[in-house]
Each structure stands twice: as structure tokens, then as C-alpha cells.
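# Chains, contacts and geometry: an overview
Here's the letter readout for the chains.
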Amino acid sequence: MNSKKTGAVPRHIAIIMDGNGRWAKRRLLPRLAGHKQGVEALRRCARACAERGVEVLTVFAFSSENWNRPQEEVSGLMGLLANALAKEVQQLSNDGVRLHFVGDRTGLSDKVCEGLSQAERQTAHNSRLVLNVCFNYGGRWDIAQAASKLAGQGIAITAENLDKAMAMSHVCDPDLLIRTGGEMRISNFLLWQAAYSELFFSPSLWPDFDESDLDQAIAAFGGRERRFGQTSEQIQPPPARIVAA
Ligand code: IPE
Ligand code: IPE
Ligand code: MG
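Residues numbered from 1 in each chain as written. Chains lettered and ligands numbered in written order. Predicted model: local features only at pLDDT ≥ 70, side-chain atom pairs only at ≥ 80, totals over all residues. Heavy atoms only, no water.

## Thoughts on the packing of aromatic side chains
Describing an aromatic ring pair means giving the distance of the ring centres and the angle of the ring planes. Under the definition given, this model contains eight aromatic pairs. Where Phe62 meets Trp67, the ring centres are 5.1 Å apart and the plane angle is 80 degrees; that geometry is what we call edge-to-face. The class of Phe62 is buried, set by a relative accessible area of 1%. Centre to centre, the rings of Phe62 and Phe135 are 5.1 Å apart; their planes meet at 20 degrees, and the pair counts as stacked. Taken together, the residues span a long stretch of sequence, with Phe62 in strand S2 (residues 56-63) and Phe135 in strand S4 (residues 129-137) at a distance of 73 residues. With respect to class, Phe62 is no different from Phe135; both count as buried. (Phe/Tyr/Trp six-rings, centres within 6.5 Å; stacked < 30°, edge-to-face > 60°. Buried < 20%, exposed > 50% of the residue type's maximum accessible area, 1.4 Å probe, protein only. Helix = DSSP H or I, 4+ residues; strand = E, 2+ residues; numbered from the N terminus.)

This is how it looks when you write it as C-alpha cells:
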């Protein structure tokens, strides 16, 4: 996609859903209560994205490094995923959402893997919004798995071939990457795909992130000029010619 600054809505939004733990801590609740509220925020955000004409929403739900959290939190998050698969998929499907789970499934139990595949099959016919849930995902893992896939098949490791072998090859690159919770880092999210994404850091903690926060991010995106390495003059449409009457 080429130049912007047109107030356009991004086709693909990616979100690092951060701040669940702090949201819970401020309320003297266990961290898991924040993650549970995070599921609500995701449901709200997916609906809002679909209403605004966003085609793809990609969210970071569990990173390769999140295994290093306390055992209790990790098992709580796994339980929450299983619970969300059981309770949320039908409604998402009714809303026209097509689900994809992106990440390393070898680290997940057979039961969870079956749940992920089942949810993908159940929503495969939908086309209003693609929702990619990155779970046990890391940008470095993605680049490494793509390179090893190519090497295994004897295919040259070029940028174009890597791109096709990446876990997100079914969608265009994110136009807008939002991180909630106030931290200004990527934390091993879409390292390859975010090469030319516009970045937006929201101070809102993920469970509080609502439609007005989303609209702020989309408005900021609409005001950016995307140059993709070119100069401003190259990407501005030429001024309209005034033709004498
Ligand atoms: C993001 O919220 C969710 C996951 C990483 C699973 P956090 O749990 O990182 O929340 P904070 O950053 O501690 O507030
Ligand atoms: C990034 O958040 C991962 C997810 C939102 C799933 P983290 O909370 O794990 O990131 P760091 O540790 O603050 O960089
Ligand atoms: Mg965090």
C-alpha cells in the first residue's frame, strides 16, 4: 500500500495488549482477574474494528517469553485460553470473525491445539474481520521457523521467500501497530511484518482500552504520512491542473 495522510482507516491493525497485571494490581485483585478483563476488552475491540471497516486485527496474547512468568499465572492463562475457546468462538463467528491462531503449537497441550484448530474450522467461512491471535508467538521464532522451513525444502533464503514462509503470510503487513499500557517497546512482536507499520503507544491499560482509545489511534494513523523510503514529494499526488475556461 502506498501513501496515506488521507484520514484513511488502516486495513490491518496489530495490538500488543499490555497492562492487564497493572489493571488488576490497582484494584488489589489477582493478576488473572486482569487477564479475564482483557478478554472482554478484546471482544469489544474486535467488534469496534469490524464496525470501522478494519479488515484484519492481530493481537499479541502470549509471548514466547511469557512462559517465564510464575507457574500459577502461566497455568491461569492456559485455562483462560481454553475457557475463551469454549465460550467466545460462537459469538465471534456470529459477528463474522474468522479466527487464526499464530504461534508455536509444539509448546501447547494436545487438547488446547485441538481447540485452536476447531475454532479455526468453525469460523473459516467468515469474512467480515480476520482476527489473528498470536499465542506462544515471538517475532524471532517466526523468522527462525520460516528460515528453517525454506532450508529444509532447499529453497533460497531471500526476503520474498521468507515473507511467504512466515506465520502471517495469509494477511498483509500491519498498517498500524498499537501498544497499550504505556511501555514503548516491541517485546518480540511482529519483528518482520512491522517494518513499515505506524506505531502508536496508548497509555490506557488493555482492560480499559475502549472505542475512544481505538479512534484516537486510528485518527493518529490518518494524520501520518507513510513514505516507505521515498521522499514526501514523490508520494504526494500532483496538484490539480487549473484549466483555463
Ligand atoms: C499483558 O498484560 C498480557 C500478557 C502478557 C499475557 P501483562 O500481564 O503484561 O500486564 P502488565 O504489563 O504486568 O501490567
Ligand atoms: C508483551 O507484553 C506480550 C503480550 C502482550 C502478550 P509483556 O508484558 O510480556 O512485555 P514486557 O515483558 O513488558 O516487555
Ligand atoms: Mg506487560
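## Some thoughts on empty space enclosed by the protein
All chains considered together, the criterion is met by three cavities of 30 Å³ or more. One number sums up the size of the largest cavity: a volume of about 50 Å³. As for the largest cavity, its lining consists of Arg43, Ala46, Arg47, Ala50, Leu92, Asp95, Val97 and Arg128. For the lining of the largest cavity, the leading source of residues is helix H2 (residues 31-51), giving four residues. (1 Å grid on protein atoms, 1.4 Å probe; cavity = no way out; pocket = protein on both sides within 12 Å on 5 of 7 lines; lining within 4 Å. Points joined across faces, edges and corners; volume = space filled by probe spheres on them.)

## Notes on the site of ligand 2
In the vicinity of ligand 2, the contacting residues are Ile16, Met17, Asp18, Phe60, Ala61, Phe62, Asn66, Arg69, Arg179, Arg185 and Ser187. Between ligand 2 and Asp18 there is a distance of 3.2 Å, counted from an oxygen atom to a side-chain nitrogen or oxygen. Here an oxygen atom of ligand 2 and a side-chain polar atom of Arg185 are 2.8 Å apart. Across the complex, the protein chains shield 77% of the 390 Å² of accessible surface that ligand 2 would expose by itself. Given that more than half its atoms are within 2 Å of the pocket grid, ligand 2 belongs to the largest pocket. With three residues, S2 is the single largest residue contributor to the shell around ligand 2. (Near = heavy atom within 4 Å. Polar contact = N/O pair within 3.5 Å; in protein donor to acceptor, adjacent residues only side chain to side chain. Areas by Shrake-Rupley, 256 points an atom, 1.4 Å probe, with all protein chains shown as cover. Sits in = over half its atoms within 2 Å of the grid points.)

## Comments concerning the layout of surface pockets
To find leftover empty space, a probe the size of one water molecule is rolled over the atoms. Approximately 850 Å³ is the volume attributed to the largest pocket. Lining the largest pocket are 38 residues, and of these Met17, Asn20, Phe60, Ala61 and Phe62 sit closest to its centre. Going through the elements one at a time, helix H1 (20-26), H2, S2, helix H3 (71-94), strand S3 (97-102) and S4 are the ones with two or more residues in the lining of the largest pocket. A total of eight residues in the lining of the largest pocket trace back to one element, the largest contributor, which is H3.

Read these as layout, nothing more, since geometry by itself doesn't imply function.
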